[in-house]
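Residue strings, one per chain:
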Amino acid sequence: MKRYDFDEIIDRKRTNCVKYDGYQDIYGADNLIPLWVADMDFRTPDFVFEAIEKRMKHPVLGYFIHSEGFYQSIINWMQRRHQWTIEKDWIYFAPGIVPGLSFLVQAFAAPGDKVLVQTPVYHPFYYVVENQGRQIVRNSLKLVDDHFEMDYTHLEDCLRQGVKMMILCNPHNPLGRCWTKEELKKVGELCLKYHCLLISDEIHSDLIMPGYKHTPMASISEEISQNTITCMAPSKTFNIAGLSTSEIIISNAELRKQFEKLMYDGIHIFVGNIFGEVALEACYTEGDEWLSQLLQYLKGNVDFIQQYIKDNIPEIKTFRHEATYLPWLDFSALGMSHQQLFRLLVDKAQLALNDGAIFGEEGLNHFRINVACPRVTLEKAMEQLKLTFRSQSCISAR
Ligand SMILES: Cc1ncc(COP(=O)(O)O)c(C=O)c1O
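For every chain, the first residue of the written sequence is number 1, and numbering continues from 1 onward in sequence order. Side-chain atom pairs in this predicted model are given and counted only at pLDDT of 80 or more, local residue features only at pLDDT of at least 70, and totals for whole chains, interfaces and linings cover all residues.

**What about the domain arrangement of the protein chain?**
How we decide: Where each domain begins and ends is defined by an automated method or by a domain database. Helix numbers and strand numbers start at the N terminus; a helix is a DSSP run of H or I with at least 4 residues, a strand a run of E with at least 2. Throughout this entry, Asp, Glu, Lys and Arg are counted as charged residues, while Ala, Val, Leu, Ile, Met, Phe, Trp, Tyr, Cys and Pro are counted as nonpolar. The remaining residues, Gly among them, count as polar.
Domains assigned within the protein chain are domain 1 (18-43 + 288-390) and domain 2 (47-286). Look at where the C-alpha atoms of domain 1 and domain 2 centre, and you get two points 26 Å apart. A per-element tally of the side of domain 1 that touches domain 2 places helix α12 (residues 288-312) first, with four residues. The residue makeup of the side of domain 1 that touches domain 2, split by class, is 14 nonpolar, five polar and six charged.

Right under this line is the structure:
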């Protein structure tokens, strides 16, 4: 069996990549270790390049239609990885999940309608709603011991007041929760009860830590499936975000008609780019072994930073991490303001972590770290974090 090397150091600087070449304006500094935007520093797997190279051998790159292989690879992946049976007609292309969410808001919520999100949450959820003239309703997630749970009472109160759409993050970014089937069922049933359309963003559904299992919201029951639109993609899992290729899955025929009216007749999006198409098929056909080795490596990285923090900077709280490669860190016990923490992390620790406040007000004094990089990068980052906070008078030297 081929062993993939996730320890390989790849120089991504000066490739116009967001993570290395696009942080200077946000952080007001250079020379940071970038552990922020959600892509990985690992080599995109060989089977992606092979599929693209094969397509490049044909001398014409004209208009194309989705291949049978494109559809079948998605259908098979959902069945094999998530035990979810879907049909070809349910699958639509989107040039990214955020654009997909934006189209769904346009198609299914009128200006002024309420759209519910569970906060803190991936920040573009707010933009696609508010910047298109729809209203955000927040259901804040509750801390219970070392993890977050949904507040069903508040959720129901909100839904009762008339919410048109809920955008669920399943699994949840930035809190690292892999929602259980029972948790999802409660949400699905509440949305049915109050006629609220459920959009389930499942972009992180393949990035599940050992011991946890992803449940597609739409796989729970036929009724819930008819009220759910699912957004998925190989982009995070296989590090191909630059190919802008995702899928939207809709089982309800009426909803499909409405969506097609916008996508086909209005925006005129049918397919994406030819290389994203063949890359998606290769990932969903050949990606199982690579993914299994990736998940082992990521779990090792999550364990490493959590143990390091516990041993060296226990004032920083970590959480049970079930999914994504983006653990959530709470710096509140250090007794500093959010702005002070941000500046210390940038100016002293020389780390570019995601500012937790962008995900909602619950994220004050919190930061999100991207651990999808070689272990040595994290070792260096943790050392810089320790030295920074050890030098602060609020922490006794360890
Ligand atoms: C929950 C969630 N949805 C969507 C995206 C981005 O999707 P895309 O790049 O396909 O627009 C991310 C990226 O981090 C994410 O975490």
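Still more to cover.
**Structural notes on the sheet that holds strand β3 (residues 114-119)**
As a reminder, the rule being used: Pairing between two strands is assigned when DSSP locates at least 2 bridges connecting them. Axis lines are fitted to C-alpha atoms, over the contacting stretch for helices. Their N-to-C directions set the angle, which ranges from 0 to 180 degrees. Think of it this way: build a C-beta for each residue from its backbone, and any pair within 7 Å is a contact.
Pairing within the open sheet is mixed, and its seven strands lie in the order β2-β10-β9-β8-β7-β3-β4. Edge strands, defined here as strands with exactly one partner in the open sheet, are β2 (91-94) and β4 (135-140). Averaged over all adjacent pairs, the angle separating strand axes in this sheet is 25°, with direction ignored. Pairing of β3 with strand β7 (residues 165-169) involves three bridges; the strand directions are parallel. Note on β7: the bridge partner recorded for V117 is I167. Along the sheet, helix α5 (residues 97-108) makes contact with β2, β3, β7, β8 (197-201), β9 (228-232) and β10 (246-250), crossing β8 at roughly 175°.

**As for the environment of D39**
Where we set the bar: Exposed residues have 12 or fewer other C-beta atoms within 10 Å of their own C-beta, buried residues have 20 or more, and partly exposed residues fall in between, where C-beta atoms are placed from the backbone.
In this fold, D39 is placed in the loop between β1 (33-35) and α3 (46-56). In this structure D39 comes out as buried when scored by C-beta crowding, with 20 C-beta atoms within 10 Å. C-alpha of D39 to C-alpha of Q340: the two residues are 301 residues apart in sequence and 27 Å apart in space. Filtering out sequence-adjacent residues up to four positions away, D39 remains in contact with K19, N239 and A241.

**Structural notes on the confidence of the model for the protein chain**
Stated precisely, the cut-off is as follows: Think of pLDDT as the predictor's per-residue confidence, scored from 0 to 100.
For the protein chain, mean pLDDT is 97; residues scoring 70 or higher make up 98% of the total. Mean pLDDT across the elements of the protein chain ranges from a minimum in helix α2 (residues 24-27), with 95, to a maximum in β8, with 99.

**Digging into the sheet that holds β1**
Each strand in a sheet pairs with its neighbour through backbone hydrogen bonds, running either in the same direction (parallel) or in the opposite one (antiparallel). Sheet architecture is open: four strands sit in the order β1-β12-β13-β11, paired in mixed fashion. Each edge of the sheet is formed by a strand with only one pairing partner; in this case those strands are β1 and β11 (328-330). Strand-to-strand twist in this sheet, taken as the mean axis angle between neighbours without regard to direction, amounts to 40°. As paired elements, β11 and strand β13 (residues 366-368) share three bridges and run antiparallel to each other. In the strand pairing of β13, L329 is matched with F367. Its contacts with the sheet place helix α14 (residues 375-390) against β1 and β12 (351-355), and it is angled at close to 105° to β1.

**Notes on the packing of α3 against helix α11 (residues 274-286)**
Put simply, the rule reads: Roughly parallel covers angles under 35 degrees, roughly antiparallel covers those over 145, roughly perpendicular covers 65 to 115, and oblique covers all other angles. Working rule for handedness: look at the near helix, and if it is turned counterclockwise from the far one by less than a right angle, call the crossing left-handed; if clockwise, right-handed.
Contact geometry for α3 and α11: axes closest at 8 Å, N-to-C directions at 140°. Here α11 runs oblique to α3, going by the angle between their axes. The chirality of how α3 crosses α11 is right-handed. Note on element contacts: α11 touches α3 through I274, F275, V278, A279, E281, A282, C283 and E286, opposite F47, V48, A51, I52 and R55.

**Describing helix α4 (residues 68-82)**
To be explicit about the condition: Multiplying one less than the number of residues by 1.5 Å gives the expected span of a helix. The arc in question is formed by the directions pointing from the helix axis toward the C-beta atoms.
Along its 15 residues, α4 runs 21 Å from first to last C-alpha, staying within 8% of the 21 Å computed at 1.5 Å per residue. The complete set of buried residues in α4 reads F70, S73, I74, W77 and M78. Projected down its long axis, α4 shows its buried positions confined to an angular sector of 130°, all on one face. Turned more than 90 degrees away from the buried face of α4, the exposed residues are E68, Q79 and R80. If you follow the buried residues of α4, they end up packed against β2, β10 and α11.

**Observations concerning the packing of α5 against helix α10 (residues 253-267)**
For the pair α5 and α10, the least separation of the axes is 9 Å and the interaxial angle reads 110°. As the angle between them shows, α5 and α10 are arranged roughly perpendicular. The hand of the α5/α10 crossing is right-handed. Together, F103, Q106, A107 and F108 of α5 and Q258, F259, L262, M263 and I267 of α10 make up the contact between the two elements. Of the residues that constitute the contact of α5 with α10, the class distribution is seven nonpolar, two polar and no charged.

**Considering the pairing of β3**
Keep this limit in mind: Crossovers are marked right-handed if the path from the first strand over the helix to the second runs clockwise, as seen with the strands pointing away from the viewer.
In this sheet, β4 lies alongside β3 in parallel orientation, the contact comprising six bridges. Paired with Q118 across the bridge in β4 is N139. Taking the sense of rotation as the criterion, the β-α-β connection linking β3, helix α6 (residues 124-130) and β4 turns out right-handed.

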